[in-house]
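# Fold and geometry: a report
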Amino acid sequence: MDSPPDRAAPAEESDRAGDPAAAPLATPLLIACALGIEQLALRSGLRGALPGRDDRTGDTGPVTVLRTGMGPKNAERATARALGTDRNRDAAVVASGFCAGLVPGMRPGDLIVADETRGPHGSSPCTGTGLLVEALSRALPGRTVHTGPLTGSDHVVRGPERAGLRATGAVAVDMESAATLLSALSAGSGPVAAVRVVVDAPEHELVRIGTVRGGISAFRVLRAVIPAFLEWHRSLLLPRR
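Given the structure is predicted, the values throughout are model-derived calculations rather than measurements. (Residues numbered from 1 in each chain as written. Predicted model: local features only at pLDDT ≥ 70, side-chain atom pairs only at ≥ 80, totals over all residues. Heavy atoms only, no water.)

When you tally the buried positions in helix α5 (residues 177–186), you get seven out of 10 residues, the bulk of the element. At the exit of α5 stands G188, carrying a positive phi of roughly 75 degrees. (Buried < 20%, exposed > 50% of the residue type's maximum accessible area, 1.4 Å probe, protein only. Helix = DSSP H or I, 4+ residues; strand = E, 2+ residues; numbered from the N terminus.)

What follows is about the packing of helix α3 (residues 129–139) against helix α7 (residues 226–237). The packing of two helices is summarised by the inter-axis angle and the distance between the axes. With their axes 8 Å apart at the nearest point, α3 and α7 run at an angle of 140 degrees to one another. Crossing angle aside, the handedness with which α3 passes α7 is right-handed. Residues L131, L132, A135, L136, R138 and A139 of α3 form the contact with α7, whose participating residues are A228, F229, E231, W232, S235 and L236. Considered class by class, the residues forming the contact of α3 with α7 number nine nonpolar, one polar and two charged. (Axes fitted to C-alpha atoms, helices over the stretch in contact; angles between N-to-C directions. Left-handed = near helix turned anticlockwise from the far one by under 90°. Contact = heavy atoms within 4.5 Å. Nonpolar A, V, L, I, M, F, W, Y, C, P; charged D, E, K, R; others polar.)

By secondary structure assignment, the location of P149 is in strand β7 (residues 145–152). For P149, a relative accessible area of 12% gives the class buried. Note: C-alpha distance between P149 and R166 (17 residues apart in sequence) is 9.9 Å.

Across the interface, helix α2 (residues 72–83) lies against α5 with an axial gap of 8 Å and an inter-helix angle of 30 degrees. Relative to α5, the crossing made by α2 is right-handed. Contact residues: α2 offers P72, A75, E76, T79, A80 and L83, while α5 offers A179, T180, S183 and A184. The class makeup of the residues in the contact of α2 with α5 is six nonpolar, three polar and one charged.

In structure tokens:
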């Protein structure tokens, strides 16, 4: 997807609703995305999932949608900064937004649930992948959910480069997930996950005529993932028997 690089988002652009002084913090959930359009979709979904809760606090604690800005460096810095605040300390972290699919047959609107993210500084294992797949299947019946490694890049990937990344075993690529999760784990966060929506794929590259419809489909799917994130977060916090 060709988009002009975003600058790192200032702190006030994240979803900071909720007064930490009004109630003790439980276990926060931080949902990180790069672009304003991704943040719009996720915030819209959050309002629908928590109707009437202007403080955006779920059953398990505050929920923040953070726009990091585009690229791994912005993602790393913004995630570390957010996790350093009282509101998001020890938060569970989900990296989300759009991605490029690498597997032939993928279509815009397909979901990617990473079992690990890969970047130049190593891989980060994801928590509760199976829980997320089940929750997404309930929230979005009929949508295809793919699991596997989600690899990182510092640029938009097309054509032959896609095939090279697929040869490593990765199922999708984006620019921020690996940096987001590595930053979160370095900060000692809670569980981490990465869930992306395919916006272009080998047979459906976004630069081609007619792929606007695919972008709209991906936006609608991204808007609908929030209930699954909340279910994943809640399930991980249940006491084990």
